[in-house]
4 protein chains.
Amino acid sequence: MISKFLSLESEKKNRILNAALKEFAQKGYKNGSTNEIVKSAEISKGLLFHYFKNKRELYLFLFDYCIEVLLDDFYNKINLSQSNIIERLRQFSMVKIKMLERYPDIIRFVEVAFKEDSIEVKNEIEERTNKLSDTNLKKAFEGIDVSRFKEGIDVEKAINIIIWTFEGISNTEIKKAKLTPLGKIDYDRIIDEADVYIEMFKEWFYK
Amino acid sequence: MISKFLSLESEKKNRILNAALKEFAQKGYKNGSTNEIVKSAEISKGLLFHYFKNKRELYLFLFDYCIEVLLDDFYNKINLSQSNIIERLRQFSMVKIKMLERYPDIIRFVEVAFKEDSIEVKNEIEERTNKLSDTNLKKAFEGIDVSRFKEGIDVEKAINIIIWTFEGISNTEIKKAKLTPLGKIDYDRIIDEADVYIEMFKEWFYK
Amino acid sequence: MISKFLSLESEKKNRILNAALKEFAQKGYKNGSTNEIVKSAEISKGLLFHYFKNKRELYLFLFDYCIEVLLDDFYNKINLSQSNIIERLRQFSMVKIKMLERYPDIIRFVEVAFKEDSIEVKNEIEERTNKLSDTNLKKAFEGIDVSRFKEGIDVEKAINIIIWTFEGISNTEIKKAKLTPLGKIDYDRIIDEADVYIEMFKEWFYK
Amino acid sequence: MISKFLSLESEKKNRILNAALKEFAQKGYKNGSTNEIVKSAEISKGLLFHYFKNKRELYLFLFDYCIEVLLDDFYNKINLSQSNIIERLRQFSMVKIKMLERYPDIIRFVEVAFKEDSIEVKNEIEERTNKLSDTNLKKAFEGIDVSRFKEGIDVEKAINIIIWTFEGISNTEIKKAKLTPLGKIDYDRIIDEADVYIEMFKEWFYK
DNA sequence: AATGAATGAGCCTTCATTCAT
DNA sequence: GATGAATGAAGGCTCATTCAT
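Here the residue index of a chain counts from 1 through its sequence in written order. Think of it this way: whatever chain is written first is A, whatever ligand is written first is 1, and the rest follow in order. Where local features are concerned, this predicted model is filtered to residues with pLDDT of at least 70; where side-chain atom pairs are given and counted, the filter is 80 or more; whole-chain, interface and lining totals use all residues. Excluded from the side-chain calculations are hydrogens and water; all other atoms, namely the structure's heavy atoms, are used.

A closer look at the overall build of chain A
- Regarding its fold elements, chain A presents 10 helices and 0 strands.
- Only DSSP runs of H or I reaching four residues or more are called helices, and only runs of E reaching two or more are called strands; each is numbered from the N terminus. Shown N-terminal to C-terminal, the secondary structure of chain A runs as helices and strands in the order α-α-α-α-α-α-α-α-α-α.
- On the principal axes, the C-alpha backbone points of chain A span a range of 65 × 40 × 30 Å.
- Exposure categories follow from relative accessible area, calculated using a 1.4 Å probe and restricted to protein chains: below 20% of the type maximum is buried, above 50% is exposed, and the middle band is partly exposed. Out of the 207 residues in chain A, the part that is buried amounts to 43%.

Shown next, in the form of structure tokens:
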């Protein structure tokens, strides 16, 4: 029945999508209420369950949909011909940040979904996440030129350090944002911060 | 009434503690069921609420209790006279890993609690977490000798990179372990892995 | 959602109304059980709370509904052009008695509601009661001709005596009825009884 | 076991009595909590049920005890040689008021008990109340001299009117008191008010 | 396609009462 | 006498899901 949902008129489809997105992003799987979703999407209870067999299917569909939207946009914005890995990782950070601005609800939902603990969806989400990492890591580092690294550097480990560091920066900033009244993320500060680390990595790893 | 609970005979106390721990670790605050807890602790409904005013008090008590257990053990195992920061961080990683073996449920619970989103306990948990970070970061880096770093290195950022890398290693290994049938963590591999990174850091950051 | 309830098919609506009425009349607010109500109305738990947000809203709705029914009928039966106060009070007593026959459950519920002590509804009920007294006392004594009273009589106090006496008669008779096996009220006796008092009052107060 | 309770040392007995009195006066039978009673009487749960088989027995005992205290004091204060009925009724009012000041908790409890609706105790209370009325009405009007009434007056009805009027005054004043912030009853006003009615009755009924 | 009334299992919590000590 | 841990039924309420229309 999801196919029927997909061929729905755009306006109503989006109303449903957004309502569900917001509800689950805010309250997680178990706590998210289909009641609230239909209310805020202004459709009837029955209709939701006409398109989606149950809450679980809706949630999982939403996850797949979000990932698709994000990945699509992500790779459109990445210049895969840039072979310098540090520059490419910098691009990743930039694009991530731009996407946070563009799809705040989707990103919120996906973030929350990643840490979802409800047994009912947990495994399914983890499975999809793992599949994603595999394919995408490969794609993300396609065409990377490794010859710039100093000899003697364990390249794989170096890349790990870079990735983990960028993750560390994001997480730290998000945590900070949570403590401020409005929860606004200061993107410019993150970019500046990241640049300092990037310089350190270049000096350390590159010839 | 929590005091009454604390002076309970060890066996029953542990039955209750473990039942609650497992339930909340698996399903989070909102989804965790006191029904299940009493069932698996083999006590009556009434008794749980004899000791704990409500679900929220039980959850928060559990959190405090777990943190106490973990911190106690953590600082017992750390040699605070080791002033070399990389060595101290290596100690942290080792101890963390040992604790994962020793208190798997407690650690699982605390991890889940940190990301708990239920409005009913979220703020309380965040507050406690912040208090903890403040006191413990200071304690953890007490007596650290910074003079070993090369001149020109941004020490704060260097430490961040080290910390995030160790976190990255742990998370990666835990993820790997989840995918294996028994979910066993291969501690020796982690230690070896970490050692390689440590050598890199020493070379990079130290005189 | 009460509006939905109101536009329900008469038969089911009445089943719910009567079930709630009887339960609360018998056991009061706190002790009245929504479980019992749904059981005796033969509807599901969920449905009751589909129509009424919670027990409190159901109770208060019931009160408003009863008052409306009673007042409507009351003023339909009173001849407001009768300006003789004693005659009007006699009418009141007669109508009251007729209504006791017609709406025994409603009257029972309202009586119990007036003396309800549960903090959760007490104030709300009192507030509504006060509003009612204000408007209705005026309406009840509209167009009353006071010139028939002997000079020197404190009219206000005289009216009080008359009202309290009629109340005393009703209460006494109701108490008597409770002691008889079937609890039947002997309306004819009450009317005769009241007439004797009315004669006394006329002689005493009127010119 | 109640006999054991009665021979308890005065201080503890009163602690229990008062705790129960206050709890039930405030919350009624069903809502009154034995938990609260033992807590405020500072005795153990078990002890309460050692003396009283169950909550019901405690409640009913309390009722009997209160009635006994009140009646004892009442008749001590009434001058049964006063044969003028209006004067005797005036005495009743005075004594009632004095007792309200002296035993506020007991009176509150008894008032609430009279209107108690819980099926578990309702009938028992009603039965006792009826027995009381019978014996006490006789005692209250013992030695009344009826010869002062004008001829042609239906004495029984006249007395009813007087009683109901005094009840009406009290109820009205209590209602008024409830609406003022502190709920204080203005005894002097009630006395003055009653006196006016008494004068009316004397003029009307007496030779 | 679309509605929303109806269901009932499950949730957290309270409480009188019992009983081993 | 005295304790208080232990019980479990019952309470109000929520919610995903179904189904007749």
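Considerations on the relation of the copies chain A and chain B
- Least-squares fitting of one copy onto the other uses the C-alpha atoms of those residues that reach a pLDDT of at least 70 in both copies. Note on the copies: chain A fits chain B at an RMSD of 0.9 Å, the axial shift is 0.1 Å, and the rotation between them is 176°. Considering both components of the superposition, the chain copies are consistent with a two-fold axis.
- Throughout, a residue-residue contact means that at least one pair of heavy atoms, one from each residue, lies within 4.5 Å. With an isologous cut-off of 70% or more, the 90% of interface residues of chain A that recur at the interface of chain B puts this contact in the isologous class.

Side note on the packing of helix α6 (residues 85–102) of chain D against helix α9 (residues 155–179) of chain D
Residue and element names in this part refer to chain D.
- For helices, the axis comes from a line fit to the C-alpha atoms of the stretch in contact; other axes are also lines fit to C-alpha atoms, and the angle between any two N-to-C directions lies between 0 and 180 degrees. One way to put it is that α6 packs onto α9 with a least axis distance of 11 Å and a crossing angle of 20°. As the angle between them shows, α6 and α9 are arranged roughly parallel. The interaxial crossing formed by α6 with α9 has right-handed handedness. Of α9, the residues touching α6 (which contributes Ile-85, Ile-86, Leu-89 and Ser-93) are Ile-159, Ile-162, Ile-163 and Phe-166.
- Only Asp, Glu, Lys and Arg are considered charged in this grouping, and only Ala, Val, Leu, Ile, Met, Phe, Trp, Tyr, Cys and Pro are considered nonpolar; every other residue, Gly among them, is considered polar. Looking at the contact of α6 with α9 residue by residue, the class counts come to 7 nonpolar, 1 polar and no charged. Orientation is classified from the angle alone, with under 35 degrees giving roughly parallel, over 145 giving roughly antiparallel, 65 to 115 giving roughly perpendicular, and any other angle giving oblique. By definition, any crossing whose near helix is turned counterclockwise from its far helix by less than a right angle is left-handed, and any crossing with a clockwise turn is right-handed.

Section: the arrangement of the chains
- With respect to C-alpha atoms, chain A approaches chain C no nearer than 12 Å, and the pair has no contact.
- One finds no contact linking chain B with chain D; the least C-alpha distance across the pair is 12 Å.

A short note on the relation of the copies chain C and chain D
- Once chain C has been moved 0.2 Å along the axis and rotated by 176°, it coincides with chain D to within an RMSD of 0.8 Å.
- When the interface residues of chain C are mapped onto chain D, 87% of them again fall at the interface, so both copies present the same face.

Re the interface of chain A and chain B
- Across the contact, 30 residues belong to chain A and 31 residues belong to chain B.
- Computed with a 1.4 Å rolling probe, the buried area is the accessible surface lost when two parts are put together, summed over both parts. Taken together, the two surfaces of chain A and chain B that pack against each other cover about 2,600 Å², and 63% of this comes from carbon and sulfur.
- Of all residues in chain A, A:Lys157, A:Trp164 and A:Trp204 bury the most surface against chain B, accounting for 25% of the area lost on that side.
- In what follows, salt bridge is the name for a side-chain nitrogen of Lys or Arg lying within 4 Å of a carboxyl oxygen of Asp or Glu. The interface formed by chain A and chain B holds 1 salt bridge in total.
- Among the salt bridges present, the one from A:Lys157 reaches B:Glu193, with a minimum N-O distance of 3.9 Å.
- Pairs of N or O atoms within 3.5 Å make up the polar contacts considered here, provided that, within protein, one atom can donate a hydrogen while the other can accept it, and that residues adjacent in sequence are counted only when both atoms are side-chain atoms. Taken together, the connections running from chain A to chain B amount to 2 residue pairs in polar contact (both at pLDDT 80 or more).
- At the level of secondary structure, the elements contributing two or more residues to the side of chain A that touches chain B comprise α2 (10–31), α8 (119–140), α9 (155–179) and α10 (187–205) of chain A.
- Take the side of chain A that touches chain B: its biggest share by element is 11 residues, from α9(A).
- When the residues that make up the side of chain A that touches chain B are grouped by side-chain class, the tally is 13 nonpolar, 7 polar and 10 charged.

What to know about the protein's contact with DNA strand F
- Nearness is judged by heavy atoms alone; a residue qualifies as near a molecule or strand once a single heavy atom is within 4 Å of it. The environment of DNA strand F is formed by 35 residues, the closest being A:Lys55, B:Lys12, B:His50, B:Tyr51 and C:Lys45.
- Counting only the atoms of DNA strand F that lie within 4 Å of the protein, the sugar and phosphate share comes to 63%.
- A distance of 3.2 Å separates a phosphate oxygen of DNA strand F from a polar side-chain atom of D:Ser44.
- Among the elements of the structure, α3 (34–41) and α4 (45–51) of chain A, α4 (45–51) of chain B, α3 (34–41) and α4 (45–51) of chain C together with α4 (45–51) of chain D are those that each provide at least two residues to the surface near DNA strand F.

Focus: the interface of chain C and chain D
- Contacts between chain C and chain D engage 31 residues on the former and 29 residues on the latter.
- The contact between chain C and chain D buries some 2,600 Å² in all, and 63% of this surface belongs to carbon and sulfur atoms.
- The interface formed by chain C and chain D holds 1 salt bridge in total.
- Among the residues making up the side of chain C that touches chain D, the classes are represented as 12 nonpolar, 8 polar and 11 charged.

Focus on the protein's contact with DNA strand E
- Close to DNA strand E lie 35 residues, the nearest being A:His50, C:Lys12, C:His50, C:Tyr51 and D:Thr34.
- For DNA strand E, the fraction of atoms within 4 Å of the protein that belong to sugar or phosphate moieties is 61%.
- The contact in question runs from a base nitrogen of DNA strand E to an N or O atom on the backbone of A:Gly46, over 3.1 Å.
- D:Gly32 has a polar backbone atom sitting 3.0 Å from a phosphate oxygen of DNA strand E.
- Counting only elements with at least two residues in the surface near DNA strand E, the list comes to α4 of chain A, α3 (34–41) and α4 of chain B, α4 of chain C together with α3 (34–41) and α4 of chain D.
- Of the residues contributing to the surface near DNA strand E, the split by class is 7 nonpolar, 17 polar and 11 charged.

Regarding a negative patch on the surface
- The patches described consist of residues with a relative accessible area above 30% and no salt bridge, like charges being joined within 9 Å and nonpolar side chains (Val, Leu, Ile, Met, Phe, Trp, Tyr) within 5 Å. Using a 1.4 Å probe, the Shrake-Rupley method yields the accessible areas, and only the shown protein chains count as cover for residues. In summary, the charge assignment counts Lys and Arg as positive and Asp and Glu as negative, without counting His or the chain termini. Each charge is placed at NZ for Lys, CZ for Arg, CG for Asp and CD for Glu. Taken together, the side chains of A:Glu101, A:Asp186, A:Asp188 and A:Asp192 make up a negatively charged region of the molecular surface.
- A:Glu101 gets classed as exposed once you look at its relative accessible area, which sits at 52%.

Quick word on the pattern of salt bridges
All names here are of chain A.
- Using the criterion set out here, one finds 72 salt bridges over all chains in the structure.
- Between Glu-87 and Lys-202 there is a salt bridge, with the nearest N and O atoms lying 2.6 Å from each other. Linking Glu-87 in helix α6 (residues 85–102) with Lys-202 in helix α10, this pair joins segments that are 115 residues apart in sequence.
- Judged by its relative accessible area of 16%, Glu-87 falls in the buried class.
- A residue is classified by how much of its surface remains accessible, and Lys-202, at 22% relative accessible area, is partly exposed.
- When salt bridges with common partners are traced through the structure, they connect Arg-56, Asp-64, Glu-124 and Arg-128 into a single cluster.

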